[in-house]
Amino acid sequence: MANTNVYTAALMEHNAHPDYKYEMDDPTHVHQGVNPSCGDDITVSLHVEDGVIDEAAFQGSGCAVSQASADIMADLITDKTPTEAQALAELFLAMIRGEATSEQELAPLGEAAQLQGISRMPARVKCAELAWRTALVMLDDQR
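The model shown is predicted, which means the values in this text are computed figures rather than measured ones.

J.: Please give an account of the pattern of salt bridges that cites residues and values.
T.: For the structure shown, the criterion picks out two salt bridges. Note that Glu99 and Arg97 form a salt bridge whose closest N and O atoms lie 3.0 Å from each other. We classify Arg97 as partly exposed; its relative accessible area is 43%. Residue Arg133 is joined to Glu129 by a salt bridge in which the shortest nitrogen-to-oxygen separation is 3.1 Å. Taken together, the residues span about one helical turn, with Arg133 and Glu129 both in helix 5 (residues 122–142) at a distance of four residues. By relative accessible area, which is 40% here, Arg133 ends up partly exposed. On the accessibility criterion, Glu129 (7% relative accessible area) is buried.

Encoded structure:
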């Protein structure tokens, strides 16, 4: 059964101690995403070299859900090809919309699958999706 607690230990840890929240020195791609309904504002930076995302980072402000989701995403897509990262982002978005629900289906998301409970909180869905949607804009250009 899916985790019904939105504020999981993973979410709280990524919000309190993000590993990927910093200004990247030499990004190849930068895109800003804003969630006007709650004020989340995130800029995602990627460095793509030799067909691989060798660095992902974000900056900005927002609620615990948006910040933790961005940190988890940056960790997950680092060392992936843009095509692999795009597939992970699309799977995450399907999970948040409640379209992908089985453990087997969500296994590629790793720790990000712990955010599945957000799908039952419509006011938080856009927060969780923000970084992933922002990254997709850049990843679409890389395919």
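Picking up where we left off.
J.: Summarise the pairing of strand 3 (residues 52–61); cite the residues concerned and give the values.
T.: With nine bridges joining them, strand 2 (residues 40–49) and strand 3 adopt antiparallel strand pairing. Following the sheet pairing, Glu49 is matched in strand 3 by Val52. Hairpin connection, strand 2 to strand 3: the antiparallel pair is bridged by two residues, and Asp50 has positive phi, about 55°.

Rules and cut-offs
Residues numbered from 1 in each chain as written. Predicted model: local features only at pLDDT ≥ 70, side-chain atom pairs only at ≥ 80, totals over all residues. Heavy atoms only, no water. Salt bridge = Lys/Arg side-chain N within 4 Å of Asp/Glu carboxyl O. Buried < 20%, exposed > 50% of the residue type's maximum accessible area, 1.4 Å probe, protein only. Helix = DSSP H or I, 4+ residues; strand = E, 2+ residues; numbered from the N terminus. Pairing = 2+ DSSP bridges.

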